[in-house]
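Residues per chain, in single letters:
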Amino acid sequence: MIVVAWIRYALPVTLAGLLLGPLFGACNGGGGGSSSSSAGSGDGGCPPVGPPEPLFTVHITAADGPLPTDMTLRVTWSAGEEPVFVLNDPESWKTLEDGANVACDIERDAAAPSDLQQLSCEIWTSGATLVEISGTGYVPYEETLTPEKLDACEDPVPSEVDVELTVDHDAGTGG
């Protein structure tokens, strides 16, 4: 009789705890570190469990005003090169629904902007990600972004990256 009662009540509760426990804590509550990510932090310094987030969100500005109209964003990671984003080519503006892993916050139905002050792009990759940004009159930016991983957390922490394009004073000097 006691065994039947245990199977009937305690076993389902134990199994539910085993199955649902990982959903409510991405890391153990002991220790942890601090995060430079703006994603917030939960127990142990890990991001709170919630909807999926891009691994990197890149905010692009230009040092002296609007972004160059021919600004290009290239992203390469272990799965290969993503479709190139070109600011003055609306055909290159992809979304997650298009199957792209790079989605910039720009109105798809609008014409190419000529006075855009900032562009934010979500990069949905997993692991080290090469980001290249270029535009006429600016020093090309190239950096391999590495996901931040906290010791106590299972998954990498989403990060925000600010990129300011700087004027290329040597452009057009012929050497």
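These numbers come from a predicted model, not from an experiment.

Trainee: Would you take a moment to explain the packing of aromatic side chains for this structure?
Mentor: The geometry of an aromatic ring pair comes down to the distance between the two centres and the angle between the two planes. Overall, the coordinates contain 1 aromatic pair when judged by the stated rule. Centroid distance F85 to W93: 6.3 Å. Interplanar angle 20°. Geometry classified as stacked. For the pair F85 and W93, one class covers both residues: buried.

Trainee: Please explain the side chain of E82 as it appears in this structure.
Mentor: Relative to the helices and strands, E82 is located in the loop between β3 (80-81) and β4 (85-86). Although E82 lies buried, it forms no salt bridge, and the closest oppositely charged side chain, K94, sits 11 Å away as judged by the N-O distance. Looking at E82, its side chain comes within polar contact range of the side chain of W77, at 2.8 Å. In contact with E82, other than residues within four places in its own chain, are V75, W77, A100, N101 and V102.

Trainee: Looking at this model, I keep getting lost on the sheet that holds strand β9 (residues 159-165). Mind explaining?
Mentor: Sheet strands pair via backbone hydrogen bonds, and the direction of the pair is either parallel or antiparallel. A sheet is described by the order of its strands in space; here 4 strands give the open sequence β5-β6-β1-β9, paired in mixed fashion. Edge positions in the sheet fall to β5 (102-104) and β9, since each of these pairs with one other strand and no more. On average, adjacent strands in this sheet sit at an angle of 20° to one another, irrespective of strand direction. Where strand β1 (residues 56-62) meets strand β6 (residues 118-123), 6 bridges bridge the pair, whose relative direction is antiparallel. Bridge pairing in β6 links H59 to S120.

Trainee: I keep staring at the environment of I106 and nothing clicks. Help me out?
Mentor: Along the polypeptide, I106 turns up in the loop between β5 and β6. The class for I106 is buried, based on a relative accessible area of 16%. Sequence spacing of I106 and P90 is 16 residues, and the spatial spacing of their C-alpha atoms is 9.4 Å.

Trainee: Sorry if this is basic, but what is going on with the state of the cysteines here?
Mentor: By definition, a disulfide links two cysteine residues through a covalent bond between their sulfur atoms. All told, the structure shown has 1 disulfide when counted by the stated rule. The disulfide bridge from C104 ends at C121, spanning 2.0 Å between sulfur atoms. The chirality of the disulfide connecting C104 with C121 is right-handed, given an S-S dihedral of about 105°. Taken together, the positions of C104 in strand β5 and C121 in strand β6 put the pair 17 residues apart, joining distant regions of the chain. Across the pair, C121 and C104 agree in class, each one buried.

Trainee: Got a minute to help me understand the pairing of β6 in this structure?
Mentor: A regular strand places its side chains so that they alternate between the two faces of the sheet. Two strands pair when backbone bridges link them, and β5 and β6 are joined in this way by 3 bridges, in the antiparallel orientation. Bridging from a neighbouring strand, A103 pairs with E122 of β6.

Trainee: Teacher, can you tell me more about the nonpolar core here?
Mentor: One recurring pattern in soluble globular proteins: nonpolar side chains tend to sit buried together. Core analysis: the biggest nonpolar cluster contains 26 residues, and M71, L73, F85, I133 and L165 have the highest contact counts within it. Going through the elements one at a time, β1, β2 (72-77), β5, β6, β7 (129-134), β8 (141-145) and β9 are the ones with two or more residues in this core. Broken down by element, this core gets its largest block of residues, 4 residues, from β1. Apart from residues lying up to four places away in sequence, L73 is in contact with V84, F85, V102, C104, C121, V131, E132 and I133.

Conventions and cut-offs
- Residues numbered from 1 in each chain as written.
- Predicted model: local features only at pLDDT ≥ 70, side-chain atom pairs only at ≥ 80, totals over all residues.
- Heavy atoms only, no water.
- Phe/Tyr/Trp six-rings, centres within 6.5 Å; stacked < 30°, edge-to-face > 60°.
- Buried < 20%, exposed > 50% of the residue type's maximum accessible area, 1.4 Å probe, protein only.
- Helix = DSSP H or I, 4+ residues; strand = E, 2+ residues; numbered from the N terminus.
- Lys, Arg positive; Asp, Glu negative; His and termini not counted.
- Salt bridge = Lys/Arg side-chain N within 4 Å of Asp/Glu carboxyl O.
- Polar contact = N/O pair within 3.5 Å; in protein donor to acceptor, adjacent residues only side chain to side chain.
- Contact = heavy atoms within 4.5 Å.
- Pairing = 2+ DSSP bridges.
- Axes fitted to C-alpha atoms, helices over the stretch in contact; angles between N-to-C directions.
- Disulfide = S-S within 2.5 Å.
- Core = buried A, V, L, I, M, F, W, Y, C linked by side-chain atoms within 4.5 Å.

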